[in-house]
Every structure is written in C-alpha cells, then in structure tokens.
Amino acid sequence: MTVHFIGAGPGAADLITVRGRDLLASCQVCLYPGSLTPEDLLAHCPPGARLIDTAELTLDEIVASLVDAHREGHDVARLCSGDPSIYSAVAEQMRRLDHAGVPYAVVPGVPAFAAAAAELGRELTVPTVGQSLVITRVQARSTAMPSGETLAAFGATGATLAVHLAITRIEQVVEQLLPHYGADCPAAVVARASQAEQQVLRGTLSDIAAQVREAGINRAAVIFVGRVLGAEAFPDSFLYSTGRPRKSRE
C-alpha cells in the first residue's frame, strides 16, 4: 500500500489535478488540512472513506495515522494545500515514513503563488523587467529562517518576490524592501486565491500595508513585490520573435 502526498491546489476544488482527483477517489483513508480544504474537494473521496482532519494533530499523530492505515492494507491520500514541494511539511513526514518502511509517492498541485498570479492576470517573468522569482517567507512563530535568507538579501537582487506566511507582518515586509525597490514599486496581495472568499489588492510599497489592514486580511495570503506587476513597455520574448532561427517547414 502507498501513501500519496497529493497537492490539493490553492482551494478551488476544480484546481486539483486529474491524477490527484483520481487517486483521492481510490483511497479509503484521507488525511486533510481542515482549515484549508473545501468540502467540494473531499466529495471526491469514495463512500465510507475514513476522513481525518489534521488541523489539530501533531506530526507524530499524523504519521501514526498514515502508518496504521498502511498496515491495515489501505492506500492513503494525504492532501497538502497548494503544491507539496512548498511549505507543506512533507519532508519530515517522508523521513518518518522511510524509517517505518512505508512507501509513498508525490502528486504535484497548483501552488498558491501561481493561482494568485493568475487572479492578478500577470506573468511573473517579463522580458528585460524580471526573469527571476523568489518564493520566501519571514520569521514569525515558526521555524527559524536559514542564515542569509532575508528579505533584504533577496530584495538587493531586484527579483520579483512572492512572500508567503507573512501577511500579519506586512509592515515589516514593506520596511525591509523599501530601500531596494522604492516606494513606487508595484505590490499586490491575494488572499485565498481561487476561493469564494478571495480578496485581491493592488498598489505599491507605499500603500499596500494600509490596504491590507483596511481589508482585514490576516491569513492565507501571498504578497507580491516587483516591477513585473506593472510592466507595460517591454520587448516581446525571443522565443516567438521573427529573429529566432527556425527549422524549415518544407
């Protein structure tokens, strides 16, 4: 039997992949993050499936549920918000499953930053404006950030930033980025991207924090900072340009 770490997407039930949906429908046990999983998504589970909300469970309790289900002869769906490769805590679950001899597989999902960019109607890599995206977070009531991975360090590159898990510290984010991007740099916040409660804010580093406080956003949001958010005058990509050599169509 296998534990399937399935990227559930950013929230909308129809943004799970076809593979993830089909696996969810075949597993008799499903562990899911209760505060982030819509009921419509759980509707894909088979009748009589054992549903376990992990919102209030410890890591040891979660892994014990995975191991027990495996030993009972069940395939297990372990839903992860967004994509399992980013801020999903799957690394420590995999480490424990390796120790227990339990096999697992990973199914990618739509990450929150991608869904948020779609709602903004923006490409995050624009020719000559920005070709790099930094996905990061800030230090809060969580594991310490590695030395050197600071907003100031990333901001010094001028790259586009997608800052997760930082909305309650929006003023701190702005303060650290202002010296590098300037007050007029475009900024945006998307909360609960793709969900019915979605909120989208657009502005600059000078006013985005005030907008967040006025809107009452305090969780499940991505902060974007970068010139790509307002780019208009930029050259077309070389990929489709007439100047790129192409194979003969004869």
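Parameters at a glance
Residues numbered from 1 in each chain as written. Predicted model: local features only at pLDDT ≥ 70, side-chain atom pairs only at ≥ 80, totals over all residues. Heavy atoms only, no water. UniProt positions renumbered as here; feature names shortened; annotations may be inferred. Helix = DSSP H or I, 4+ residues; strand = E, 2+ residues; numbered from the N terminus. Buried < 20%, exposed > 50% of the residue type's maximum accessible area, 1.4 Å probe, protein only. Contact = heavy atoms within 4.5 Å. Lys, Arg positive; Asp, Glu negative; His and termini not counted. Charge placed at Lys NZ, Arg CZ, Asp CG, Glu CD. Salt bridge = Lys/Arg side-chain N within 4 Å of Asp/Glu carboxyl O. Domains from an automatic or database assignment. Buried area = accessible area lost by both parts, 1.4 Å probe. Phe/Tyr/Trp six-rings, centres within 6.5 Å; stacked < 30°, edge-to-face > 60°. Pairing = 2+ DSSP bridges. Axes fitted to C-alpha atoms, helices over the stretch in contact; angles between N-to-C directions.

Taking an unreviewed UniProt entry as the reference, the protein is identified by name as Precorrin-4 C(11)-methyltransferase belonging to Amycolatopsis acidicola. Word for word, the UniProt comment on the protein under Sequence similarities (unreviewed entry) is "Belongs to the precorrin methyltransferase family." Turning to the protein, the UniProt annotation filed under Pathway (unreviewed entry) states: "Cofactor biosynthesis; adenosylcobalamin biosynthesis."

Chemist: What is the right way to look at the overall build of the protein in this model?
Modeler: Assigned secondary structure in the protein consists of 8 helices and 10 strands. Its C-alpha atoms put the protein at 60 × 60 × 35 Å along the principal axes. For the protein, with 250 residues in total, the buried portion stands at 44%. Long-range contacts, defined here as pairs at least 24 residues apart, represent 69% of the contacts in the protein between residues at least 6 apart. Between the centroid of the 20 positive side chains of the protein and the centroid of its 26 negative side chains there is a distance of 5 Å.

Chemist: I would appreciate a short explanation of the pattern of salt bridges in the present structure.
Modeler: Two side chains bearing opposite charge may form a pair once their charged atoms approach each other closely. Using the criterion set out here, one finds 6 salt bridges in the structure. Between Glu-171 and Arg-213 there is a salt bridge whose closest N-O contact spans 2.7 Å. Of this pair, Glu-171 sits in helix H7 (residues 170-181) while Arg-213 sits in helix H8 (residues 208-215), placing them 42 residues apart in sequence. On the basis of relative accessibility, which here comes to 37%, the residue Glu-171 falls in the partly exposed class. Residue class for Arg-213 comes out partly exposed when judged on its relative accessible area of 39%.

Chemist: How do you make sense of the domain arrangement of the protein when you look at a structure like this?
Modeler: Interfaces are frequently sized by the accessible area removed from exposure as the parts join. Domain assignment breaks the protein into domain 1 (3-107) and domain 2 (112-230). Summarising the inter-unit geometry, the C-alpha centres of domain 1 and domain 2 are found 28 Å apart. Between domain 1 and domain 2, the contact holds 8 residues from the first and 12 residues from the second. Both sides together, the interface formed by domain 1 and domain 2 hides about 750 Å², and carbon and sulfur atoms give 63% of it. Of all residues in domain 1, the largest losses of buried area upon contact with domain 2 belong to Pro-10, Ile-86 and Tyr-87, amounting jointly to 63% of the total for that side. For the pair domain 1 and domain 2, the interface holds 0 salt bridges.

Chemist: I'm lost on the packing of aromatic side chains in this one. Help?
Modeler: By convention here, two paired aromatic rings are described through the distance between centres and the angle between planes. Inspection of the entire model under this criterion finds 1 aromatic pair. Taking the centre distance of 6.0 Å and the plane angle of 75° together, the rings of Phe-5 and Tyr-104 count as edge-to-face. Note that Phe-5 is positioned in strand E1 (residues 3-7) and Tyr-104 in strand E5 (residues 104-107), a separation of 99 residues in sequence. Classification of Phe-5 as buried rests on a relative accessible area of 0%. Classification of Tyr-104 by relative accessible area gives partly exposed; the value is 27%.

Chemist: Would you mind going over the sheet that holds strand E9 (residues 199-204) with me for this structure?
Modeler: Each strand in a sheet pairs with its neighbour through backbone hydrogen bonds, running either in the same direction (parallel) or in the opposite one (antiparallel). The strand order across the open sheet built from 5 strands is E6-E7-E10-E8-E9, with neighbouring strands paired in mixed fashion. Each edge of the sheet is formed by a strand with only one pairing partner; in this case those strands are strand E6 (133-137) and E9. Sheet twist, expressed as the average angle between the axes of neighbouring strands with direction ignored, equals 15°. Packing against the sheet, helix H5 (residues 112-120) makes contact with E6, strand E7 (160-164), strand E8 (186-191), E9 and strand E10 (221-225), and its axis sits at approximately 65° to E10. Lying over the sheet, H7 contacts E7 and E10, oriented at roughly 15° with respect to E10.

Chemist: Hey, could you run me through the sheet that holds E1 in this one?
Modeler: Read across the open sheet, the 5 strands follow the order E3-E2-E4-E1-E5; overall the sheet is parallel. This sheet does not close on itself; its edge strands, each paired only once, are strand E3 (50-53) and E5. Each strand axis lies, on average, 20° off the axis of its neighbour in the sheet, ignoring direction. Pairing geometry for strand E2 (residues 29-32) and E3, over 4 bridges, is parallel. Among the inter-strand pairings, Leu-31 is bridged to a residue of E3, identified as Ile-52. Strand contacts of helix H3 (residues 59-71): E1, E2, E3 and strand E4 (76-80), with the helix running at about 155° to E4, the strand carrying the most contacts.

Chemist: Just checking my understanding: could you explain the UniProt feature "domain: Tetrapyrrole methylase" (unreviewed entry) in the protein for this structure?
Modeler: Under the present numbering, the feature "domain: Tetrapyrrole methylase" (unreviewed entry) in UniProt falls on residues 2-208. Note that residues 2-208 is 31% helix and 21% strand, and that its end C-alpha atoms are spaced 45 Å apart.

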